[in-house]
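A look at the structure
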Amino acid sequence: MGIPKNFLKNLNLKPASRNHERRMELWQEGMDASGTFVPKGVLYEDMDRDFIKLIEEELVISVEGKEVPVFFLTMQRWAEFARTWKFTDKDRNVQMPFITIVRNPDIQFGTNPVTQYTIPQKRRFDYMKVPNYDGDTVGYDVYRIPQPIGVNLTYQVRFFCYRMREINKFNKIIMQAFQSRQKYIKCNGHYFPVVLESIGDESTIDQFEQKRFYVQNFEMQLQGYIMDEEEYEVTPAIKRVVTLFETEPNIIPSRNQTDNLNPEPELEEYNIELLWEPEIGFSSGVIGKTNSFIIDQSALLTTYTLNNARECLEISEGCASVTPVISVSIDDGATFSAVTLPFQILPGYVIEATVEPIDATLDASVTYRGYINVI
Amino acid sequence: MENNRPNKVPITRLTKFFDDIDFDLEIGFGREYMEGDLNMIVVLYSVDIEKTDTDDVYKEVNSQDIRFFPPIELQVNLEIVPGDNQTYNANGTLRFRDYGNMTFNVYQKQLEEKQCEIKYGDYIGYRVKEDSMKFWTVVNDGKIFSDNEHTVFGYKGATRTVECTTVDPNEFEGI
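This is a predicted model, so every value here is computed, not measured. (Residues numbered from 1 in each chain as written. Chains lettered and ligands numbered in written order. Predicted model: local features only at pLDDT ≥ 70, side-chain atom pairs only at ≥ 80, totals over all residues.)

Some words on the overall build of chain B
Along the backbone of chain B there are 2 helices and 8 strands. Mapped in sequence order, the helices and strands of chain B form the string α-β-β-β-β-β-α-β-β-β. The buried share among the 175 residues of chain B stands at 23%. Put simply, 62% of the contacts in chain B that link residues at least 6 apart link residues at least 24 apart. (Helix = DSSP H or I, 4+ residues; strand = E, 2+ residues; numbered from the N terminus. Buried ≥ 20, exposed ≤ 12 C-beta atoms within 10 Å, placed from the backbone. Contact = placed C-beta atoms within 7 Å.)

Quick notes on the environment of Cys319 of chain A
Residue and element names in this part refer to chain A. Along the chain, Cys319 falls in the loop between β16 (299–307) and β17 (325–329). Accessibility expressed as a C-beta count within 10 Å gives 14 for Cys319, which makes it partly exposed. When residues no more than four places from it in sequence are discounted, the contact partners of Cys319 are Cys312 and Glu314.

Observations concerning the pairing of strand β20 (residues 350–355) of chain A
Residue and element names in this part refer to chain A. Bridging between strand β14 (residues 288–289) and β20 involves 2 bridges; their strand directions are antiparallel. Following the sheet pairing, Lys289 is matched in β20 by Thr354. As judged from the 5 bridges shared by β17 and β20, these two strands associate in the antiparallel manner. The residue of β20 that forms the bridge with Ile326 is Ala353. (Pairing = 2+ DSSP bridges.)

Quick notes on the sheet that holds strand β19 (residues 343–345) of chain A
For sheets, the rule is that strands pair by backbone hydrogen bonds, running either parallel or antiparallel. Residue and element names in this part refer to chain A. In spatial order, the strands read β13-β21-β16-β19; together these 4 strands make up an open sheet with antiparallel pairing. Edge positions in the sheet fall to β13 (269–276) and β19, since each has one partner strand and no second. Averaged over all adjacent pairs, the angle separating strand axes in this sheet is 40°, with direction ignored. (Axes fitted to C-alpha atoms, helices over the stretch in contact; angles between N-to-C directions.)

Description of the interface of chain A and chain B
With 23 residues of chain A in contact, the opposing surface of chain B contributes 21 residues. Breaking the side of chain A that touches chain B down by element, the ones donating at least two residues are β4 (98–103), β8 (149–161) and α4 (164–177) of chain A. Taken together, the residues of the side of chain A that touches chain B sort by class into 9 nonpolar, 4 polar and 10 charged. (Nonpolar A, V, L, I, M, F, W, Y, C, P; charged D, E, K, R; others polar.)

A look at helix α1 (residues 20–38) of chain B
All names here are of chain B. Across its 19 residues, α1 extends 25 Å between first and last C-alpha, which sits within 8% of the 27 Å expected from 1.5 Å per residue. The axis of α1 is deflected most strongly, by about 25°, at Arg31. Following α1 by one or two positions, Asn39 has its phi on the positive side, about 50°. (Expected span 1.5 Å × (residues − 1). Bend = angle between axes of the 7 residues up to and from the residue.)

Considering the nonpolar core
Formed by 40 residues in total, the largest nonpolar core has its most connected members in Ile99, Ile101, Phe160, Cys161 and Leu222 of chain A. Elements with a minimum of two residues in this core: α2 (44–58), β3 (70–72), β4, β8, α4, β10 (190–201) and β11 (214–226) of chain A. When residues of this core are assigned to their parent elements, the largest contribution, 7 residues, is made by β8 of chain A. Every residue in contact with Leu222 of chain A, bar those within four places of it in the chain, is listed here: Met47, Phe51, Leu153, Tyr155, Phe192 and Val194 of chain A. With 23 residues, the next largest nonpolar core counts Val42, Val76, Ala158 and Val167 of chain B among its residues. (Core = buried A, V, L, I, M, F, W, Y, C linked by C-beta atoms within 7 Å.)

Thoughts on the sheet that holds strand β8 (residues 159–166) of chain B
Residue and element names in this part refer to chain B. If you walk around this closed barrel you meet the 6 strands as β1-β2-β5-β8-β7-β6, and the pairing is antiparallel. Direction aside, the axes of adjacent strands within the sheet are offset by 45° on average. In the sheet, strand β1 (residues 40–45) pairs with strand β6 (residues 123–129) via 3 bridges, with the strands oriented antiparallel. Residue pairing in the sheet places Leu44 in a bridge with Ile124 of β6. Against the sheet, α1 touches β1, β2 (72–80) and β5 (102–107), its axis set at about 90° to β2.

Notes on unusual backbone geometry
Residues and elements named next belong to chain A. Between Met96 and Pro97 the backbone carries a cis peptide bond, its omega angle lying at 0°. Of note in the backbone geometry, Arg92 takes a positive phi value of approximately 65° without being a glycine. In this structure, Arg92 sits in the loop between α3 (77–84) and β4. You will see that Asn188, though not glycine, has its phi angle at about 55°, which is positive. Looking at the element boundaries, Asn188 is found in the loop between β9 (182–187) and β10. Judged by the 19 C-beta atoms lying within 10 Å of it, Asn188 is partly exposed.

Re the confidence of the model for chain B
Predicted coordinates in regions of low pLDDT should not be interpreted in detail. Residues with a pLDDT of 70 or more make up 97% of chain B, whose mean pLDDT is 90. Scoring of the predicted complex yields 0.66 for pTM and 0.81 for ipTM. (pLDDT = per-residue confidence, 0-100.)

Overview of α2 of chain A
All names here are of chain A. The end-to-end C-alpha separation of α2 is 20 Å, in line with the 21 Å expected for 15 residues at 1.5 Å each. When α2 is considered as a whole, its buried residues turn out to be Met47, Asp50, Phe51, Leu54 and Ile55. Take α2 and look down its axis: the buried residues cluster within an arc of 145°, on one side only. Facing away from the buried surface of α2 by more than 90 degrees, the exposed residues are Glu45 and Glu57. (Arc of directions from axis to C-beta.)

In structure tokens, the structure reads:
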């Protein structure tokens, strides 16, 4: 029985991600590769390593049941020997077939349009805000990274062998891999295209009386970029601060508190009137002392009013002396000293004043005003 | 073009003072020196072209698929030139140093006695150490040996000069 039309042989149970979902997947791959919140850096060694892996693992060729060895060659002679000694004959010459990879030392700026000269001056861009908590505060760290620097790495991949069949086999592998001119490698979570630039022949067939072998040269260009982790920046951003206040149920409001919640309490006034009585033979323009008064409250005296007494705030023409003058004794009236308002009095102080009556035939008085307070 | 006739015609040049007997005598002296005194031995691995199962298109074989006639020891007078110190890559990486080319002279008479023929592409083994034999392949079988250098006084060709270049074990590794 034939298979009916439109019969699906394979069901795609896990369809590949596309668009935004795919971009997020790539971002996740980058994080997974680095194990951090930022993409893993890429340097030349990483690209070389993964290019070798491409040749060794994806473009692998076997001849007579043996995998053809791949040698990445540099200038150090002993390093060359260290790589090849396992594949040498009794004369310590490498046995064919084998593949060599030589990277041109001159790395050029990249031609990949994605990473060409677009952002000057190594400006760094916000990549991610990472929450953190240091035990007290919750905040963010802003990870900033510069634009990657596009680079082109050119590799010469040469295949050495003695037989046409082997060269056909490797050439076929290369052609199939680079059918679309390029093949991608994944380097530390970053995808870089490897472009097959040219295929050349360096066979030594013309050496008639010498050792002859086939050499096919594949020039490949890795269009990558470098991201140096040393250039990443981590800067602290928003911090959420937890502030704790300790409060008490009974609060004595301050004197100047004016908010509606705690209105200013009414002040209890405190007045002291010091009286001078006319004396025989006392004439106007002479200063006389009032009676003494023993203070019984703690109060702050701030103002005064005069009754039949002159007010001379400073000595001038018409004011031979400053009046009234308030004097306070803290030793039960033994000694007095002049003070100025405002003045804080305490219980036990003795207070008196000197005034200059305007009419020496009448009583004169000075009334000090203030309010009771608690010290 | 060499015209091989079914009947043999004697060579009569130099007949006044040199003939076939003298030629054999000279050859005898030479072989005594080369095969008796020098006794430098190479081993000829002559490829059996008919029995070697080659690739249909390219006529190539792997080293283990080469079939050859029984190896024959030849006493020769040989020279191995120093090999070049070379690199596989043009930028000076992957150095290799192989034996240089081998050139040996062998008396045609010896080949005839041992009923063997050296042909282009045959393999030549030479024991370079007690436990090691190195192989070369014939790049010039010296089949034309009627020049002055290879004749005895211009009478007739006596020796053949065979030129060989090294082969990789991947191509041929003997028995």
